[in-house]
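A structural walkthrough
Okay, here's what each chain looks like letter by letter:
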Amino acid sequence: MTQDFSWLHRGTVEIFPQSNDAESESLEKRLVTTNRPLRVKLGIDPTGADIHLGHSIPVRKLRAFQDAGHTAVLIIGDFTARIGDPTGKSEVRRQLSEADVKHNAQTYLDQVRPILDFDTPGRLEVRYNSEWLSQLNLGKVLELLSTMTVGQMLAKEGFAERYKKENPIFIHEFLYPLMQGYDSVAVEADVELGGTDQKFNIAVGRDLQRHFGQKPQFGLLLPILIGTDGVQKMSKSLSNYVGLSEHPAQKYQKLQGVPDNLLSQYFELLTNLPLEKLPENPRDRQMLLAWEVVKQYNGETAANEAKEAAKSGGKEGAVPEFSLAGGTQFPAKLAYLLNVSGLCKSTGEGKRKIQEGGVRLDGDRITDVDTIFEQPSELHGRVLQVGKNKFVRLVN
């Protein structure tokens, strides 16, 4: 094992627990002294269909552990997603159906494939936590509940705020941190990765591992990515995100406009480029960032095409346009728009593509065949996509 831990600390906010003396074990010490690959856990709850660059940060760190010779354990929370992580939520989350979770899980795996090593034997385990959580009987659930007090659970930030404001907290929400923690027991994790908002849940995993006679895992916390607006965390609801499944030209367009004060963080968290060798000129940095990220997810050819389109276009030059002003009838169903725009041969084919999950609007998957748009202004400038290779930008 290499003792150069620059890959470990790059973009890392905190590793806990930290050793305070030579006798205590640190993660670095365990990495050096271990005679086996460590098992590094990352849990993903497929509560939505699509992933943005903010979600990619822990996945990229998981890949760094793979490259250092360790085993990535990617847990698809098909069971926990049906509850939803209450972290940071001011109200109870809508519980998803089993079909929703299954569909979302497959899209998540498709989107992280460019990041993780799926091919080298022994470097990746993909596990679904329904494998063990669905088998828990009431006795085991009571055992898990007995490891924490109500006071400890209410100390969790989101719960504390909701309790203070007298917003309802449902008993099943208390189970979420315990189930995430039990995932660590089930896979015998040595390290768990997560955002800074996951410290409580990761610490619960350490406590449960002790309870079940295992060596407690280390927690490695990563920052929450600020969105392209330079103000709030990256989020689809705030329209400041860059989606992994977006057209390369869209990715490039958004990333070349990242504010100067965020460029260093974006390079550190989203690329492997040496930070000391970046261009000095902010505009050159923006274009390098955009090219590098597009290359990671879509390949060098697509990155070059997006770059040239931005130069000559520019921003929107890589996506053919379809005018909605040429006789398109509104209100218009999405399946009809797929037909008249030439993305599908018929409205019937459009409906099938929607049902199959192959249709996206600005990177967001649409699965409701009855989706309707009242007027062209709702669609102006947005990219309609079928599959991986068919795109049009809708214009008035």
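Residues numbered from 1 in each chain as written. Predicted model: local features only at pLDDT ≥ 70, side-chain atom pairs only at ≥ 80, totals over all residues. Heavy atoms only, no water.

1. Quick word on helix α8 (residues 157-164)
Looking only at α8, the buried set comprises G158, F159 and R162. All buried residues of α8 fall inside an arc of 95° around its axis, so they share one side. Exposed residues lying more than 90 degrees from the buried face of α8 are E157 and K164. (Buried < 20%, exposed > 50% of the residue type's maximum accessible area, 1.4 Å probe, protein only. Helix = DSSP H or I, 4+ residues; strand = E, 2+ residues; numbered from the N terminus. Arc of directions from axis to C-beta.)

2. Some points on the confidence of the model for the protein chain
Looking at the protein chain as a whole, the pLDDT averages 88, with 93% of positions reaching at least 70. Mean pLDDT values for the elements of the protein chain range from 79 in strand β10 (residues 364-365) up to 97 in strand β6 (residues 218-222). (pLDDT = per-residue confidence, 0-100.)

3. Structural notes on the pattern of salt bridges
Enumeration according to the criterion identifies 16 salt bridges in this entry. Between E173 and R162 there is a salt bridge; the shortest N-O distance is 2.8 Å. With E173 in helix α9 (residues 171-187) and R162 in helix α8, this residue pair connects regions lying 11 residues apart in the sequence. Across the pair, exposure class does not vary: E173 and R162 are buried alike. Measuring nitrogen to oxygen at the nearest pair gives 3.7 Å for the salt bridge that ties K295 to E292. In this pair, K295 and E292 both sit in helix α13 (residues 282-298), three residues apart, roughly one turn of the helix. Overall, K295 belongs to the partly exposed group, its relative accessible area being 28%. You can call E292 buried: its relative accessible area is 9%. Each of E25, R30, R36, D190 and K215 takes part in a single network of salt bridges with overlapping partners. (Salt bridge = Lys/Arg side-chain N within 4 Å of Asp/Glu carboxyl O.)

4. Concerning the sheet that holds β6
Taken in spatial order, the six strands make up an open sheet running β1-β6-β5-β2-β3-β4, and their pairing is mixed. Of all strands in the sheet, those bounded by a partner on one side alone are β1 (14-16) and β4 (124-128). Mean inter-strand twist for the sheet, computed between neighbouring axes without regard to direction, equals 25°. Pairing geometry for strand β5 (residues 191-195) and β6, over five bridges, is parallel. Along β6, the bridge assignment pairs V191 with F218. Relative to strand β2 (residues 39-44), helix α3 (residues 53-67) is tilted by about 160°, and along the sheet it contacts β2, β3 (71-76), β4, β5 and β6. Set on the sheet, α9 makes contact with β2, β3, β4 and β5; between it and β2 the angle comes to about 145°. (Pairing = 2+ DSSP bridges. Axes fitted to C-alpha atoms, helices over the stretch in contact; angles between N-to-C directions. Contact = heavy atoms within 4.5 Å.)

5. Some points on the pairing of β5
Among the five residues that make up β5, five are buried, leaving the element largely enclosed by the rest of the structure. Bridge analysis of β2 against β5 gives two bridges, and the strand direction is parallel. By the bridge assignment for β5, V40 is matched with V191. Handedness of the crossover joining β5 and β6 through helix α10 (residues 199-211) is recorded here as right-handed. (Right-handed = clockwise from strand over helix to strand, strands pointing away.)

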